[in-house]
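Descriptive analysis of the structure
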Amino acid sequence: MMKMLLENILTGNVLGTTLSMIWQGMVLKHRSTDKLPSWLDYAKSSNGGSFQCQAVDEVKMAVKSIPIMLTAVVYFILFNQMQSTYLLQAERMNLGGQEPGGFQIPAASMQIFCWTIHSFTNAFQELVIFPLLSRMGRRPSPGRFLRIGIGMVLGIAAQIAAAIVEIYRKEDLKETGGFDQIVAGKVYHSAYLSVLYQAPQFLLMGVSSALVVTAGLEYTYVQSPVVLRGLMQGIFLLILGLGGLLASAF
């Protein structure tokens, strides 16, 4: 029965072997009348499966962390608003350059605020915050879930900031009537409110992403068995991409 399956997760194709183990666990659970603690336990060689007990236990450890990682999908939907609703908002704000020869701020360039503060936050954590906590005799770094939680709160704050900007943008349109602005060859009826008012929401999202993404990758690395670290980090990035895909649907 399924003799071609590898017995040791440490050899062969990690992804293929893991999927084979998961499939075997589900199939044997359906066929067996025994009650085991986990459906993956049916894939153990001691229970009639084709995989060593240690290999199955490693996969069980990794599988348990996937539901935790899936909670980040909602966050990544918010994170990817920078490429969708934030950009649409920017195109309908005053980008400047209305005078002949004037400079028009590219609508997408506001993301510079996000990625600049993202890089700065990561460096500040590693070079200042963590060494300082270590010298104070505390944990070398705040807990990963704490950082993820703070990051998610800041992500919500970024959406609130964007909503406030949108309220003022619409009020400006009502009061002034707005003006027609050409952006990338298209005409948009825009408010006179400067696009620079978007800076706070991008800065908040930059700090937020530095905390959530970095701590999330750390979590998948530390909590996963050595041989599955690459696979689990790949799943985390896949969840990030899933958030982007869902964000494009709204």
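Overview of the structure. (Residues numbered from 1 in each chain as written. Predicted model: local features only at pLDDT ≥ 70, side-chain atom pairs only at ≥ 80, totals over all residues. Heavy atoms only, no water.)

1. Some points on the overall build of the protein chain
Across its full length, the protein chain carries eight helices and two strands. Seen through its C-alpha atoms, the protein chain measures out along the principal axes to roughly 80 × 45 × 30 Å. The proportion of buried residues among the 250 residues of the protein chain is 39%. Considering only contacts within the protein chain whose residues lie at least 6 apart along the sequence, 66% involve residues at least 24 apart. Accessible surface, the protein chain: about 13,900 Å² in total, of which carbon and sulfur atoms supply 67%. Across the protein chain, the centroid of the 18 positively charged side chains sits 11 Å from that of the 14 negatively charged ones. (Helix = DSSP H or I, 4+ residues; strand = E, 2+ residues; numbered from the N terminus. Buried < 20%, exposed > 50% of the residue type's maximum accessible area, 1.4 Å probe, protein only. Contact = heavy atoms within 4.5 Å. Areas by Shrake-Rupley, 256 points an atom, 1.4 Å probe, with all protein chains shown as cover. Lys, Arg positive; Asp, Glu negative; His and termini not counted. Charge placed at Lys NZ, Arg CZ, Asp CG, Glu CD.)

2. A few points about the packing of aromatic side chains
Summed over all chains, the structure comprises eight aromatic pairs. Judged by centre distance (6.4 Å) and plane angle (25°), the rings of Tyr-75 and Phe-79 are stacked. Of this pair, Tyr-75 and Phe-79 both sit in helix α3 (residues 72-79), four residues apart, which is roughly one turn of that helix. According to the relative accessible area criterion, Phe-79 is buried, its value standing at 7%. (Phe/Tyr/Trp six-rings, centres within 6.5 Å; stacked < 30°, edge-to-face > 60°.)

3. A few points about unusual backbone geometry
Look at Ala-184: it is not a glycine, yet its phi comes out positive at around 55°. Mapping Ala-184 onto the fold places it in the loop between β1 (179-183) and β2 (186-190). The exposed category is assigned to Ala-184, whose relative accessible area is 80%.

4. Looking at the environment of Glu-166
Considering the arrangement of structural elements, one finds Glu-166 in helix α6 (residues 144-176). Distance from Glu-166 to Leu-193, taken between C-alpha atoms, is 9.9 Å for residues 27 residues apart in sequence. Engagement of the side chain of Glu-166 in a polar contact is seen with the side chain of Gln-89, the distance being 3.0 Å. A polar atom in the side chain of Glu-166 sits 2.8 Å from the side chain of Arg-169. (Polar contact = N/O pair within 3.5 Å; in protein donor to acceptor, adjacent residues only side chain to side chain.)

5. A word on the pairing of β1
With burial as the criterion, only one face of β1 is covered, namely that bearing Phe-179, Gln-181 and Val-183; the residues Asp-180 and Ile-182 on the opposite face remain uncovered. With five bridges joining them, β1 and β2 adopt antiparallel strand pairing. Each residue of the ladder has a partner; that of Val-183, found in β2, is Lys-186. Following β1, the chain reverses through two residues before pairing antiparallel with β2; Ala-184 in that reversal takes a positive phi of roughly 55°. (Pairing = 2+ DSSP bridges.)

6. What about the packing of α3 against helix α7 (residues 199-223)?
Between α3 and α7, the shortest axis-to-axis distance is 11 Å and the interhelical angle comes to 150°. With respect to α7, the element α3 is oriented roughly antiparallel. In this structure, α3 meets α7 at a crossing whose hand is left-handed. In this structure, α3 contributes Tyr-75, Phe-76, Leu-78 and Phe-79 to the contact, and α7 contributes Met-205, Ser-208, Ser-209, Val-212 and Val-213. For the contact of α3 with α7, the class distribution of residues is seven nonpolar, two polar and no charged. (Axes fitted to C-alpha atoms, helices over the stretch in contact; angles between N-to-C directions. Parallel < 35°, antiparallel > 145°, perpendicular 65-115°, else oblique. Left-handed = near helix turned anticlockwise from the far one by under 90°. Nonpolar A, V, L, I, M, F, W, Y, C, P; charged D, E, K, R; others polar.)

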